[in-house]
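Secondary and tertiary structure notes
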Amino acid sequence: EELISLPSDFKTLVKKRHSIADAAPLSYLGKRRIEFEDICQWRIGYCQSGEYAGYVIIPSFDASGRLNYFVSRAYDGAWPKYKNPVYGKDMIFNELDINWNAREVVLVEGVFDAIVAGANAIPLLGSTLSEGSVLFSKIA
């Protein structure tokens, strides 16, 4: 099984005290209406150097707690806005946090939509859900 890892220079924003370097990504997240509780729940971080310098990183974990993907979004105007790993996307983003026994699961297009939607929201990482996908099978 192929494994994915976070960028080596990933810095977490899940901490009580923030450095000056944390100010820009925190400001960007604040403008997107993402609060500290959301940062903790989604385990958000960023990169200050390397391939993902200037990007906020939102990791995804499978039901066993293993990293299975991450989404990165430029917070400093870099292009492209999104720079995601070249890795299969047929997985359930942050399945670790999904309560399959709840009354409803909310499907949204992107990660930021899921964060704002709240509990039990799953980003499709696109605008369609394929019948052959892992998520479709789980829901069906």
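Model, not experiment: these values are computed from the prediction. (Residues numbered from 1 in each chain as written. Predicted model: local features only at pLDDT ≥ 70, side-chain atom pairs only at ≥ 80, totals over all residues. Heavy atoms only, no water.)

Remarks on unusual backbone geometry
Operational definition: A helix here means a DSSP run of H or I that spans at least four residues, while a strand means a run of E at least two residues long, and both kinds are numbered starting from the N terminus. Relative accessibility under 20% of the residue-type maximum defines a buried residue, over 50% an exposed one, and the middle range a partly exposed one, all with a 1.4 Å probe and only protein chains included.
With an omega of 0°, the peptide bond running from tryptophan 79 to proline 80 counts as cis. Notably, arginine 33 is not glycine yet its phi reads approximately 65°, a positive angle. As for its placement among the helices and strands, arginine 33 is situated in the loop between helix 1 (23-31) and helix 2 (36-42). Positive phi, close to 55°, is recorded for asparagine 94, a residue that is not glycine. Secondary-structure assignment places asparagine 94 in the loop between strand 4 (67-74) and strand 5 (106-108). Using a relative accessible area of 3% as the deciding quantity, one classes asparagine 94 as buried.

Considering the nonpolar core
Here is the rule we go by: Take the buried Ala, Val, Leu, Ile, Met, Phe, Trp, Tyr and Cys residues and link them wherever side-chain atoms come within 4.5 Å; each set so joined is a nonpolar core. Contacts are residue-level and defined by heavy atoms, with any inter-residue pair within 4.5 Å sufficient.
In terms of nonpolar packing, the biggest core is built from 21 residues, with Leu29, Ile44, Ile58 and Phe93 touching the most fellow members. For this core, the secondary structure elements donating two or more residues are helix 1, helix 2, strand 3 (55-61), strand 4 and helix 3 (111-117). In this structure leucine 29 touches Leu13, Ile34, Ile39, Ile44, Val56 and Phe112, once residues within four positions along its chain are discounted. The next biggest cluster of nonpolar side chains, apart from the first, holds nine residues, and it includes Ile4, Tyr52, Tyr55 and Phe61.

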